[in-house]
Structures are given as C-alpha cells and as structure tokens.
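# Breakdown of the fold
As a plain string of letters, each chain reads:
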Amino acid sequence: MNSQFKKGVLELIVLESVRTKDMYGYELVEEVSKVVDVKEGTIYPLLKRLTNERYFETYLRESTEGPPRKYYHITASGILYLDSLEAEWEEFQSKVCNFLKEHKNNE
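This section reports on the structure supplied with the text. As the structure is a prediction and not an experimental result, all values here were calculated from the model.

## What about the side chain of Thr-75?
The topology assignment puts Thr-75 in the loop between strand S3 (66-74) and helix H4 (76-105). Residue Thr-75 is classed as buried on the basis of its relative accessible area of 10%. Polar side-chain contacts of Thr-75 include one of 2.7 Å to the backbone oxygen of Arg-54. Ignoring any residue separated from it by four or fewer positions in sequence, one finds Thr-75 in contact with Arg-54, Tyr-55, Phe-56 and Glu-57.

Here's what the structure looks like:
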C-alpha cells in the first residue's frame, strides 16, 4: 500500500479502534495491521501524540503475561475529533471516487 495513503488514515484507524474498546499498544498494532501494514515504531509515537493532545487517557492494568500494560481510552474530545475526521474522510473519499469515475467514463 502506498505509504502516503497509509499515513493519512492511520490516525483515523487508531482512534476508531480505541472508540470500540480500551486497548494496549501491541494490541493496537495487531488491530491496525488488519487494515494497513504497520510496525510498533509507527504506532507508539502516534499514541503518545494523541495522548498529549488529550484525545486519549492512559491507565495501567495488571497482566498475567509480565508487567502491567498501559491501556488507551478515548476521551470526550477524542470522540469529537474522531467524528470530525470521519466526516472529512467521507467527503474526501467520495470526491476522489467521483473524480476517478468521471475520468474513466471520459476515456
């Protein structure tokens, strides 16, 4: 997949994943990888930024498989931000699809 396409939707996918349920970092990497191929080194800086921007809150939860895990929980402002991103995405992808269809029909 084109890296610029991936970069553009990564934030949207991460936010949407955490809207559904609180998740820890590696769990998010696995979830996002179902849609786009990503590495941990891509997701963790994004999680830090979204937390610093107060779209996520974090908390620790004990794990049966090692040290406690840091979980990410979407905040009310995170939900508002996600809703605006989704609206922008819908408008953007609709315009691009319409443009491509029109130009294919003009061939």
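There is more to say, and it comes next.
## Notes on the sheet that holds strand S1 (residues 23-24)
In spatial order, the strands read S1-S3-S2; together these three strands make up an open sheet with antiparallel pairing. Because the sheet does not close on itself, it has two edges, and the strands there are S1 and strand S2 (56-63). Bridging between S1 and S3 involves two bridges; their strand directions are antiparallel. Along S3, the bridge assignment pairs Met-23 with Tyr-72. Along the sheet, helix H3 (residues 40-52) makes contact with S2 and S3, crossing S2 at roughly 120°.

Reading the values: rules and limits
- Residues numbered from 1 in each chain as written.
- Predicted model: local features only at pLDDT ≥ 70, side-chain atom pairs only at ≥ 80, totals over all residues.
- Heavy atoms only, no water.
- Helix = DSSP H or I, 4+ residues; strand = E, 2+ residues; numbered from the N terminus.
- Buried < 20%, exposed > 50% of the residue type's maximum accessible area, 1.4 Å probe, protein only.
- Polar contact = N/O pair within 3.5 Å; in protein donor to acceptor, adjacent residues only side chain to side chain.
- Contact = heavy atoms within 4.5 Å.
- Pairing = 2+ DSSP bridges.
- Axes fitted to C-alpha atoms, helices over the stretch in contact; angles between N-to-C directions.

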